[in-house]
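Report on the structure
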Amino acid sequence: MKILICNDDGYQASGIIALYEALKDIADVEVVAPEQNNSAKSNALTLHSPMYVQTAANGFRYINGTPADCVHIALTGLLGYRPDLVVSGINNGANMGDDTIYSGTVGAAMEGYLFGIPSIAFSQTDKGWAHVDVAGRRARDLVQQLMPSLEKIAEGAQPTLAPWLLNVNIPNLPDAQIQGFKVCRLGRRHAAERVIMQTSPRGETMYWIGSAGAAKEEGEGTDFFATRHGFVSITPLQVDLTDHERLPYWAQTADQLSQAVRSGPVAQPAQAAA
């Protein structure tokens, strides 16, 4: 079993080290991660600047690019083979609800998914790396559980299983307080807090993005609810952003526009006399 590990906190972050340590004994694991923190970079790719791959003393490779850059470069030439699984994290803080849209952790895993490889994004619900070793063990539990299906996918025995993309959030709790795993949907957040304005030493106005909004939809069945009650949340994600429910409505609009085009230009109202 070959696993590619990435993250968005940078190759020296405690979370990626914990994830590597947890998985290295059950698979052939390689790390290709950003040189610097790239939180909230989502799926961004670097198209107009050169990138360089360097190797740290511990064997981790790192790139002066985004999380998606790292996975993209790894899969399109750096590794020289196709991994069976891409994992990202463990992120320093939650990626739940609307956070997944912005998350570099999820973006790295999604890049693997877009290449047709099963992928998982792992995050801790709170910042600070408390009990990150426990999070690493829970990540290993999930990967080990999935290994038989990953082997079948690699052998081509069950191609309909692949690819899939999971978003996993792990509470910062000791082993004894983790209640188990729950599959759940994404919750929702309120709008972000107001932008923070400051004055630079040169007298210029600086702007900092405000904090994420508080949970808005956090009832039973959501990732917010599961993690608050001590469960590791597992949410299957998809990339299709199509609003399928509203396709019929917009189809009517398109039909009306098409009829107007076929009937010729619409007469313009006469200009009022000056």
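To keep things clear, this report deals only with the structure shown in the data block. Nothing here was measured: the structure is a model prediction, and the numbers come from that model. In this convention, every chain numbers its residues from 1, walking through the sequence in written order. Local features in this predicted model are restricted to residues whose pLDDT is 70 or higher, and side-chain atom pairs enter the listing and the counts only when it is 80 or higher, whereas totals over whole chains, interfaces and linings include all residues. Computation of side-chain values covers all heavy atoms of the structure but excludes hydrogens and water.

The general pattern is negative phi for most residues beyond glycine and trans for most peptide bonds. For the peptide bond that leads from Gly-89 to Ile-90, omega is -5°, which places it in the cis range. The phi dihedral of Ser-42 falls on the positive side, at around 55°, and the residue is not glycine. Examined against the element boundaries, Ser-42 turns out to sit in the loop between β2 (28–34) and β3 (53–55). A positive phi is found at Trp-129, a non-glycine position, where the angle reads about 70°. Helix numbers and strand numbers start at the N terminus; a helix is a DSSP run of H or I with at least 4 residues, a strand a run of E with at least 2. Tracing the backbone shows Trp-129 in the loop between β6 (119–124) and α5 (132–155).

Turning to helix α1 (residues 14–23), a few remarks are in order. Relative accessibility under 20% of the residue-type maximum defines a buried residue, over 50% an exposed one, and the middle range a partly exposed one, all with a 1.4 Å probe and only protein chains included. All of the buried residues along α1 are Gly-15, Ile-16, Ala-18, Leu-19, Ala-22 and Leu-23. For α1, the arc enclosing every buried residue in end-on projection is 160°, short of the 170-degree limit, so these residues lie on one face. Those residues of α1 hidden inside the fold are in contact with β1 (2–6), β2, β5 (85–91), β6 and α5. In this description, one arc is meant: the one made by directions from the helix axis to the C-beta atoms. Contacts: residue pairs with any heavy atoms within 4.5 Å of one another.

Helix axes are fitted only over the stretch in contact, all axes being lines through C-alpha atoms; the angle between N-to-C directions runs from 0 to 180 degrees. At a minimum axis separation of 7 Å, helix α2 (residues 67–78) and helix α4 (residues 104–114) run at an interaxial angle of 20°. It follows from the interaxial angle that α2 and α4 lie roughly parallel. Note on packing geometry: the crossing formed by α2 with α4 is right-handed. Facing α2, whose interface residues are Pro-67, Ala-68, Val-71, His-72 and Leu-75, α4 presents Gly-104, Gly-107, Ala-108, Glu-111 and Gly-112. Residues that form the contact of α2 with α4 fall into these classes: five nonpolar, four polar and one charged. Roughly parallel refers to an angle under 35 degrees, roughly antiparallel to one over 145, roughly perpendicular to one between 65 and 115, and oblique to any angle outside these ranges. Here a crossing is called left-handed whenever its near helix is offset anticlockwise from the far helix by less than a right angle, and right-handed whenever the offset is clockwise. Basically, the charged four are Asp, Glu, Lys and Arg, the nonpolar ten are Ala, Val, Leu, Ile, Met, Phe, Trp, Tyr, Cys and Pro, and anything else, Gly included, counts as polar.

Another aspect to go through is a nonpolar patch on the surface. On the surface, Val-195, Met-197 and Tyr-207 cluster together to form a nonpolar patch covering roughly 330 Å² of accessible area. Mapped onto the secondary structure, Tyr-207 falls in strand β11 (residues 205–208). Distance thresholds for patches are 9 Å for like charges and 5 Å for nonpolar side chains (Val, Leu, Ile, Met, Phe, Trp, Tyr), applied to residues having over 30% relative accessible area and no salt bridge. All accessible areas in this document rest on Shrake-Rupley with a 1.4 Å probe, and a residue is counted as covered only by the protein chains that are shown. By salt bridge we mean one thing: a side-chain nitrogen of Lys or Arg within 4 Å of a carboxyl oxygen of Asp or Glu.

A few words on the packing of α1 against α5. With their axes 8 Å apart at the nearest point, α1 and α5 run at an angle of 45° to one another. The angle between the axes of α1 and α5 places the two elements in the oblique class. Here α1 runs over α5; the crossing is right-handed. Of the residues in α5, those in contact with Ser-14, Gly-15, Ala-18, Leu-19, Ala-22 and Leu-23 of α1 are Val-132, Gly-136, Arg-137, Ala-139, Arg-140 and Val-143. In the contact of α1 with α5, the residues fall into seven nonpolar, three polar and two charged.

By nonpolar core is meant a set of buried Ala, Val, Leu, Ile, Met, Phe, Trp, Tyr and Cys residues that side-chain atoms within 4.5 Å join together. Ile-3, Ile-5, Val-87, Ile-120, Phe-122 and Val-168 are the most contacted members of the largest nonpolar core, which has 34 residues in total. Residue assignment for this core shows that the elements contributing at least two residues are β1, α1, β2, β5, β6, α5, β7 (165–170) and β13 (231–237). In this view, Val-168 contacts Ile-120, Ala-121, Phe-122, Ser-123, Leu-142, Val-232, Ser-233 and Ile-234; residues no more than four positions away in its chain are not counted. By size, the runner-up hydrophobic cluster in this structure holds twelve residues, among which are Val-71, Ala-74, Val-86 and Ala-108.

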